[in-house]
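Geometric and topological summary
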Amino acid sequence: MCIRDRNYYGYQSQNTFSPPSDGNPIPNYEYKSEFPRVASYEDDEEIAKVFPFYKDINQEFDIESLTDAAFIIMRSSNDDDIHKAIKYGIWSSTPRGNENLKKTWNELKPKNHRIFLVFTVVKSSQFLGVAEMISDVNYDDSFAYWWEPLKWFGVVKLKWIYVKDIHVKNFEHIKEADIPVQYCRDSTRISLLSGQQIL
């Protein structure tokens with residue numbers, strides 16, 4: 001079996017599957033790094049040259065203008081994947097998460113409404129950032145360098161608004177169906193008011 005015509009982030013789309021001794025196919029990936037790199041991550045100007053979005057993070061944001069936006073809680077299993085999502089402006093979710101993201105995109109984008117993803121790491125006791133979803137889920141794209149690279153498929157593109165570590169105790173008053181937002185399941189869509197309060 002061979003997968004063709006896919007745009008894989010970070011490796012060539014020549015992924016052949018060879019059956020192992022137990023008869024179950026496993027992927028044999030040919031990795032090829034194509035990511036931008038910065039010589040020194042202590043130089044803000046150099047970082048901004050390679051990653052133009054860097055200068056737009058944590059800037060003043062007009063929260064009151066978001067009268068028709070959607071907010072979705074995204075829960076990562078580890079910090080490493082959050083770092084990569086920030087660096088490369090992408091995210092891959094679970095099948096359920098991708099389905100919810102696609103449904104929200106199809107509902108709101110024809111109306112030019114914005115969609116924001118609020119990120120946290122499971123058991124971290126922190127919210128880590130907010131990013132705007134700027135593309136639909138592309139099931140023809142995958143990213144080879146997630147912590148569990150063969151588990152996640154489909155890619156959405158992100159524009160990060162805030163990158164900050166804020167303890168969940170600051171959000172305990174924000175609730176969805178009487179549940180504090182920090183306990184919402186992955187890919188749960190929350191109310192506009194809750195999203196504005198988080199921002």
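Scroll up to find the structure.
What comes next is a walk through the structure.

How each quantity is defined
Residues numbered from 1 in each chain as written. Predicted model: local features only at pLDDT ≥ 70, side-chain atom pairs only at ≥ 80, totals over all residues. Heavy atoms only, no water. Phe/Tyr/Trp six-rings, centres within 6.5 Å; stacked < 30°, edge-to-face > 60°. Helix = DSSP H or I, 4+ residues; strand = E, 2+ residues; numbered from the N terminus. Buried < 20%, exposed > 50% of the residue type's maximum accessible area, 1.4 Å probe, protein only. Pairing = 2+ DSSP bridges.

**Here we look at the packing of aromatic side chains**
Given two aromatic rings, one states the distance between the centres and the angle between the planes to describe the pair. Inspection of every chain in the model, using the stated rule, returns 10 aromatic pairs. Between Phe-119 and Trp-160, the ring centres sit 5.0 Å apart and the planes meet at 35°, which makes this aromatic pair tilted. On the criterion of sequence distance, the pair formed by Phe-119 in strand β7 (residues 115–121) and Trp-160 in strand β10 (residues 156–167) is long-range, its members being 41 residues apart. With respect to burial, Phe-119 and Trp-160 carry one shared label: buried.

**Quick word on the pairing of β7**
Across a regular strand the side chains alternate sides, sitting on one face of the sheet and then on the other. In terms of burial, β7 is a largely internal element, 7 of the 7 residues being buried. Of the two faces of β7, both are covered, the one formed by Ile-115, Leu-117, Phe-119 and Val-121 as well as the one formed by Phe-116, Val-118 and Thr-120. Summarising the sheet, strand β5 (residues 70–76) and β7 pair through 7 bridges and their orientation is parallel. Its bridge partner lying in β7, Met-74 is registered against Phe-119. Turn length for the β7-strand β8 (residues 126–133) hairpin, with the two strands adjacent in sequence and antiparallel, is 4 residues, and the turn residue Lys-123 shows positive phi of about 65°.

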